[in-house]
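Single-letter residue listing:
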Amino acid sequence: MTSAAVLFHLAFPVADIPTTKEFYVDGLGCTPGRETPNSLILNLYGHQLVAHTTTDLVPQKGIYPRHFGLVFTAETDWEALLHRAKAQVLTFHQSEKRRFPGTTLEHRTFFLQDPFYNLLEFKYYCHPTAIFGEIEQALVGDAV
């Protein structure tokens, strides 16, 4: 299932729109779109995020079960976002590291935490086949 005309959409919880703009627009570099007092559309590398306000925000104990983010196909783009996140002093939930080094699943990753406890993961796979393939290797993420 592929199509160049398909964009990803994700709605996620936030406490307020001004703080959302600080993190996602000023921090990550998203382009803001339509806005109401309770919601904001964001362009994250061509994908649509929609922040909706709520009062039910609770931190997770770890990166599982819920997080979202991007898989970069160019390592330089991944590194550029990493440097931007550091320069903007965004909160790292996990700093950059390599998972599964020396295997076809090897990838670089880091996790950010927004002000509302949402976790965002940004990855670059050293071997593009690992993005959707390498199914004979039954490894996904870190050991829980």
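### Quick look at the nonpolar core
So, step 1. Within the largest apolar cluster, 29 residues are counted, with the highest numbers of intra-cluster contacts made by Phe12, Tyr24, Leu28, Leu42, Leu49, Leu112 and Phe122.
So, step 2. Among the secondary structure elements, those contributing two or more residues to this core are β1 (9-14), α1 (17-27), β3 (39-44), β4 (47-53), β5 (68-72), α2 (75-87), β7 (107-113) and β8 (119-125).
So, step 3. Not counting the four nearest positions on each side in its chain, Leu112 is found in contact with Phe23, Leu28, Ala85, Leu90, Thr91, Phe92, His93, Asn118, Leu119, Leu120 and Phe122.

### Observations concerning the side chain of Asn118
So, step 1. One can find Asn118 in the loop between β7 and β8.
So, step 2. Looking at Asn118, its side chain comes within polar contact range of the main-chain oxygen of Pro13, at 2.7 Å.
So, step 3. When neighbours within four sequence positions are excluded, Asn118 is seen to be in contact with Phe12, Pro13, Val14, Tyr24, Arg66, Phe68, Leu112 and Gln113.

### Quick look at the packing of aromatic side chains
Between two aromatic rings, the relevant description is the distance of the centres plus the angle of the planes.
So, step 1. For the structure on display, the rule yields seven aromatic pairs.
So, step 2. Both rings, one in Phe12 and one in Tyr24, keep their centres 5.2 Å apart while their planes meet at 50 degrees; by these two values the pair is tilted. Here Phe12 is found in strand β1, whereas its partner Tyr24 is found in helix α1, with twelve residues between them in sequence.
So, step 3. Residue classification places Phe12 among the buried positions, given a relative accessible area of 4%.

### Overview of unusual backbone geometry
So, step 1. With an omega of 15 degrees, the peptide bond running from Tyr64 to Pro65 counts as cis.
So, step 2. When you line up the elements, Pro65 lands in the loop between β4 and β5.

### Some words on the environment of Tyr64
So, step 1. With respect to the helices, strands and loops of the structure, Tyr64 is situated in the loop between β4 and β5.
So, step 2. Classification of Tyr64 as partly exposed rests on a relative accessible area of 30%.
So, step 3. The sequence separation of Tyr64 and Leu119 amounts to 55 residues, and the corresponding C-alpha distance is 9.4 Å.

### Comments concerning the sheet that holds strand β2 (residues 31-36)
So, step 1. Reading across from one edge, β1-β4-β3-β2 is the order of the four strands in this open sheet, with mixed pairing throughout. For this open sheet the edge positions go to β1 and β2, each flanked by a neighbour on one side alone. Direction aside, neighbouring strands of the sheet carry axes that sit 20 degrees apart on average.
So, step 2. Pairing of β1 with β4 involves six bridges; the strand directions are parallel. Across the sheet, residue Pro13 finds its bridge partner in β4, namely His52.
So, step 3. Here α1 sits on the sheet in contact with β1, β2, β3 and β4, set at roughly 5 degrees to β3.

Calculation rules
- Residues numbered from 1 in each chain as written.
- Predicted model: local features only at pLDDT ≥ 70, side-chain atom pairs only at ≥ 80, totals over all residues.
- Heavy atoms only, no water.
- Core = buried A, V, L, I, M, F, W, Y, C linked by side-chain atoms within 4.5 Å.
- Buried < 20%, exposed > 50% of the residue type's maximum accessible area, 1.4 Å probe, protein only.
- Helix = DSSP H or I, 4+ residues; strand = E, 2+ residues; numbered from the N terminus.
- Contact = heavy atoms within 4.5 Å.
- Polar contact = N/O pair within 3.5 Å; in protein donor to acceptor, adjacent residues only side chain to side chain.
- Phe/Tyr/Trp six-rings, centres within 6.5 Å; stacked < 30°, edge-to-face > 60°.
- Pairing = 2+ DSSP bridges.
- Axes fitted to C-alpha atoms, helices over the stretch in contact; angles between N-to-C directions.

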